[in-house]
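# Observations on chain architecture
So the chains spell out like this:
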Amino acid sequence: PDAVVVDAQPQGRVFRAESQPGSLRLVGLPITGGRAQGANTYEASGGGLFVSRSELRLENCPIINNRADASGGGLRGVHGAAVLLDCEVSDNSAGKGGGGMDASYSATGNAHRTAFAGNQSAWGGGVSARSAATCILFDCRLENNRAEGSPGVGGGLACDLDSEVSMTYTLV
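Presented here is an overview of the structure given in this document. (Residues numbered from 1 in each chain as written. Predicted model: local features only at pLDDT ≥ 70, side-chain atom pairs only at ≥ 80, totals over all residues. Heavy atoms only, no water.)

### So, the sheet that holds strand β10 (residues 75–78)
The strands making up a sheet associate through hydrogen bonds between their backbones, and the pairing can be parallel or antiparallel. On the basis of which strands lie adjacent, the open sheet formed by six strands has the order β2-β6-β10-β14-β18-β22 and parallel pairing. Since the sheet does not close on itself, it has two edges, and those belong to β2 (15–18) and β22 (157–159), each with one partner. The sheet shows a mean angle of 5 degrees between the axes of neighbouring strands, direction not considered. Relative to β10, strand β6 (residues 49–52) runs parallel, the two being bridged by four bridges. Across the sheet, the residue bridging to Phe50 is Arg76, located in β10. (Pairing = 2+ DSSP bridges. Helix = DSSP H or I, 4+ residues; strand = E, 2+ residues; numbered from the N terminus. Axes fitted to C-alpha atoms, helices over the stretch in contact; angles between N-to-C directions.)

And the structure:
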């Protein structure tokens with residue numbers, strides 16, 4: 001086929017990379033329609049992708065229209081690493097943090113030439129870094145993201161609990 005799109009059609013999380021040896025790589029693969037829900041934060045996070053104790057590299061991958069009842073509507077990383085290169089992360093939502101991307105619990109979230117737009121969550125509508133996480137944003141755009149509900153902070157970006165964010169050539 002000319003194009004492949006992975007669409008979960010709100011039936012569950014699209015991808016989970018957990019305790020994978022080596023580095024995983026996705027190129028040019030649209031990820032959409034994911035829905036993370038469940039009885040606990042683990043099950044209810046990472047609507048599009050959930051990365052735990054793994055390293056995932058996404059290149060030219062649109063992450064669009066995913067939802068998580070907890071954190072990381074588009075992508076959530078815990079104790080792992082996610083690298084986004086030339087991606088679009090848009091129109092995702094989360095009930096808690098990181099509508100577009102959430103990095104938590106010593107995770108690393110790196111984005112290069114990536115747009116975070118139209119995402120929504122309670123904190124860090126575009127990007128959330130929590131609990132000793134590190135986010136590096138290089139030549140990115142965080143536009144028209146929203147933090148709604150409680151606590152309603154950081155429409156573009158929220159960083160707390162010993163986390164670090166570095167931004168270079170990035171528009172918020």
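### Quick look at the state of the cysteines
In total, this model carries zero disulfides according to the counting rule given. For the unlinked cysteine Cys135, the closest cysteine sulfur is that of Cys159, found at 7.5 Å. Judged by relative accessible area, Cys135 falls into the buried class, the value being 0%. For Cys159, a relative accessible area of 38% corresponds to the partly exposed category. (Disulfide = S-S within 2.5 Å. Buried < 20%, exposed > 50% of the residue type's maximum accessible area, 1.4 Å probe, protein only.)

### Overview of empty space enclosed by the protein
What the rule picks out here adds up to one cavity of 30 Å³ or more. Considering only enclosed or pocket space, the largest cavity measures out at about 50 Å³ in volume. What lines the largest cavity is a set of 13 residues, and nearest its centre among them are Gly77, Ala82, Asp102, Thr108 and Gly109. Contributing elements (two or more residues each) for the lining of the largest cavity: β10, β11 (81–85), β14 (101–104) and β15 (108–112). In terms of residue class, the lining of the largest cavity is made up of seven nonpolar, four polar and two charged. (1 Å grid on protein atoms, 1.4 Å probe; cavity = no way out; pocket = protein on both sides within 12 Å on 5 of 7 lines; lining within 4 Å. Points joined across faces, edges and corners; volume = space filled by probe spheres on them. Nonpolar A, V, L, I, M, F, W, Y, C, P; charged D, E, K, R; others polar.)

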